[in-house]
Amino acid sequence: MMRLLVSADIHLGSPIRSVALRNPDLGDRLKQASRDTFAEIIDLAISEQVDALVLAGDIFDNGYPDLKARAFLISQLARASEAGVPTVLIRGNHDALLDHKAHGDLGPNVHVLHNGAPTVEIGGTAFHGLSFDAAHVAKSFLPDYPRPVPGKRNVGLMHTSLDGAQGHDPYAPCAERDLMAYGYDLWCLGHIHAPFERVDGPVLAVMPGIPQPRHFGERNGGAVTIVSVGEGTPEFERRAIGHLGFSECALDLSACADQQEVLRSLRDTLMSAQVPGRDMAVRLHVTSDRHGTELVTELAAEVLDSIDGVFLDKVKSAPPPRKPGAETDDLVRLMQDELTEDGFRQAALQQLEELRLALPSEIMDELDESGLDTLLEEAIAEVSLTLHAGALR
């Protein structure tokens, strides 16, 4: 029996720019959380006495010369090596800093698999992997993978979008059925940030997901996977991990007569978001027709000065439900109907793509197609809130 700790998509050095613009303290905490979480992964590998640590790409977030992040990685992998845990890894599409030709080897007992050295054997198991040599690869890596070694357990590492995933660009696409039929016992995958597992007869494929989510769109992450490979189908167990979580809280302020009552409601809601031993980023969904988003945001910031471990991501406001028939409600309803028109959605998707292309690559994912409905709902809510506020005046 061989036990492996499987992870991917650490994204060390991720700039977290969009979050940092809204809340610099939260941005700093998220940067530190990715480092703390990786140190926790090493701690878990050592305490569980796994036979190998497997990292399926995107250990770094970009190829800029962040040698501080590289030094951190080397020191953490050295801890694992000194405890008798070897590391097997591949480069993902973000991993230029793992180029040993430019920056040197990562140290003893650390195996970077690539075209020139696609296989390493550890404890009677053959590990196979290919690395990205460019930021984008449009074809499948699978035909170039080594064939299974007869008489050995065979484990593959691949960074791939598989058949495609919502919110993820098609990197090294590979049909899932072809992957599972290749002859390996286990596939350790990276790139898709939501975890999942696939079982096909004696074959297991594991996508461990991002261990430390960076924004609300990645809330399904926050885990690593421990896999046991022996006779029969490999067995797996997810382990929760991560130092910062995300929470959305609903808060109805429509009955608050003054700002003191708003302050008390905010304090009760934000205190309830505290999680012992873990930081939390909170997004407030506020219902109100008299207390504006900016004021509520500032009041929430004041409240959080006395609450440890809770950070405000943003406040989203909407007016309370109104009786049908009001002119403002009629206008909002017409706008909502327009959202369902194919022509409108196509135009909106085109504008969204233009915006994505104008953004830095590290924050493009925040405007992926899957977020269109959320953006449109927020726009309608803002217009509705403004209309109702004007009607009250």
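The structure displayed is predicted, hence computed values, not measured ones.

Caption draft 1: Seen up close, the overall build of the protein chain. When helices and strands are tallied, the protein chain shows 10 helices and 15 strands. Burial analysis of the protein chain (393 residues in total) assigns 50% to the buried set. For the protein chain, restricting intrachain contacts to residue pairs at least 6 apart in sequence, the fraction spanning at least 24 positions comes to 70%. Surface summary for the protein chain: the accessible area is close to 18,400 Å², and the carbon and sulfur share equals 50%.

Caption draft 2: Structural view of unusual backbone geometry. The residue asparagine 109 is not glycine, and still its phi comes out positive at about 70°. Following the sequence through the fold, asparagine 109 ends up in the loop between α4 (100-103) and β4 (110-113). Within the chain, leucine 162 stands out as a residue other than glycine whose phi angle is a positive 50°. With respect to the helices, strands and loops of the structure, leucine 162 is situated in the loop between β7 (153-159) and α5 (176-180).

Caption draft 3: Highlighting the sheet that holds β7. What the 6 strands build is an open sheet, ordered β5-β6-β7-β8-β10-β9; its pairing is mixed. Here the strands that pair on one side only, and so sit at the sheet edges, are β5 (119-122) and β9 (196-200). When the angles between neighbouring strand axes are averaged without regard to direction, this sheet yields 20°. Here strand β6 (residues 125-129) runs beside β7; their pairing, made up of 5 bridges, is parallel. Looking across to β7, one finds that histidine 128 is bridged to glycine 156.

Caption draft 4: Representation of the pattern of salt bridges within the structure. Inspection of the entire model under this criterion finds 14 salt bridges. We note a salt bridge from aspartate 43 to arginine 79, for which the minimum N-O separation is 2.9 Å. In this pair, aspartate 43 sits in helix α2 (residues 24-47) while arginine 79 sits in helix α3 (residues 67-82), placing the two residues 36 residues apart along the sequence. Aspartate 43 gets classed as partly exposed once you look at its relative accessible area, which sits at 40%. A salt bridge links lysine 152 to glutamate 121; the shortest N-O distance between them is 2.9 Å. Of this pair, lysine 152 sits in the loop between β6 and β7 while glutamate 121 sits in strand β5, and the two are 31 residues apart along the sequence. Its relative accessible area of 31% is what places lysine 152 among the partly exposed residues.

Caption draft 5: Structural detail: the side chain of histidine 114. Tracing the sequence through the fold places histidine 114 in the loop between β4 and β5. A polar atom in the side chain of histidine 114 sits 3.1 Å from the backbone nitrogen of glycine 116.

Caption draft 6: Structural view of the nonpolar core. Residues Leu5, Phe38, Leu73 and Leu77 are the most contacted members of the largest nonpolar core, which totals 27 residues. Of all the secondary structure elements, the ones that give two or more residues to this core are α2, β2 (52-55), α3, β4 and β11 (223-229). In this view, leucine 5 contacts Ile41, Leu44, Ala45, Val50, Ala52, Leu53, Val54, Val224, Thr225 and Ile226; residues no more than four positions away in its chain are not counted. Counting residues in hydrophobic clusters, the runner-up holds 22 residues, among them Cys174, Leu179, Trp187 and Leu189.

Caption draft 7: Local environment of the pairing of β9. Pairing of β9 with strand β10 (residues 203-207), which is carried by 5 bridges, proceeds in the antiparallel orientation. Bridge pairing in β10 places valine 199 opposite leucine 204. Hairpin connection, β9 to β10: the antiparallel pair is bridged by 2 residues, and glycine 201 has positive phi, about 65°.

Caption draft 8: Local environment of the packing of aromatic side chains. Taken as a whole, this structure holds 7 aromatic pairs when the rule is applied. Between tyrosine 182 and tyrosine 184, the ring centres sit 5.4 Å apart and the planes meet at 85°, which makes this aromatic pair edge-to-face. Taken individually, tyrosine 182 and tyrosine 184 each receive the classification buried, so the pair is uniform in this respect. Measuring from ring centre to ring centre gives 4.6 Å for tyrosine 184 and tryptophan 187, while their planes differ by 25°; the resulting arrangement is stacked.

Caption draft 9: Just the sheet that holds strand β15 (residues 310-318), in detail. An order of β13-β14-β15 is seen for the 3 strands of this open sheet, with the pairing classed as parallel. In this open sheet, the two strands that pair with only one neighbour each are β13 (244-252) and β15. Looking at each pair of strands side by side, their axes are set apart by 20° on average, direction ignored. Two strands pair when backbone bridges link them, and β13 and strand β14 (residues 279-287) are joined in this way by 9 bridges, in the parallel orientation. Within β14, the residue paired with leucine 244 across the bridge is aspartate 279. Contacting β14 and β15, helix α7 (residues 293-304) crosses the sheet at an angle of about 160° to β15.

Caption draft 10: Main features of the side chain of serine 247. Within the element layout of this structure, serine 247 appears in strand β13. With residues up to four places along the chain from it excluded, the contact list for serine 247 reads Phe216, Met280, Ala281, Val282 and Arg283.

Caption draft 11: Representation of the packing of α2 against α3. Contact geometry of α2 with α3 gives a least axis separation of 9 Å together with a crossing angle of 15°. Classified by the interaxial angle, the pair formed by α2 and α3 is roughly parallel. As for how α2 packs across α3, the hand of that crossing is right-handed. Every residue of α3 that contacts α2 at Arg35, Phe38, Ala39, Ile42, Asp43 and Ile46 is listed here: Lys68, Ala69, Phe72, Leu73, Gln76, Leu77, Arg79 and Ala80. For the contact of α2 with α3, the class distribution of residues is 9 nonpolar, 1 polar and 4 charged.

Conventions and cut-offs
- Residues numbered from 1 in each chain as written.
- Predicted model: local features only at pLDDT ≥ 70, side-chain atom pairs only at ≥ 80, totals over all residues.
- Heavy atoms only, no water.
- Helix = DSSP H or I, 4+ residues; strand = E, 2+ residues; numbered from the N terminus.
- Buried < 20%, exposed > 50% of the residue type's maximum accessible area, 1.4 Å probe, protein only.
- Contact = heavy atoms within 4.5 Å.
- Areas by Shrake-Rupley, 256 points an atom, 1.4 Å probe, with all protein chains shown as cover.
- Pairing = 2+ DSSP bridges.
- Axes fitted to C-alpha atoms, helices over the stretch in contact; angles between N-to-C directions.
- Salt bridge = Lys/Arg side-chain N within 4 Å of Asp/Glu carboxyl O.
- Polar contact = N/O pair within 3.5 Å; in protein donor to acceptor, adjacent residues only side chain to side chain.
- Core = buried A, V, L, I, M, F, W, Y, C linked by side-chain atoms within 4.5 Å.
- Phe/Tyr/Trp six-rings, centres within 6.5 Å; stacked < 30°, edge-to-face > 60°.
- Parallel < 35°, antiparallel > 145°, perpendicular 65-115°, else oblique.
- Left-handed = near helix turned anticlockwise from the far one by under 90°.
- Nonpolar A, V, L, I, M, F, W, Y, C, P; charged D, E, K, R; others polar.

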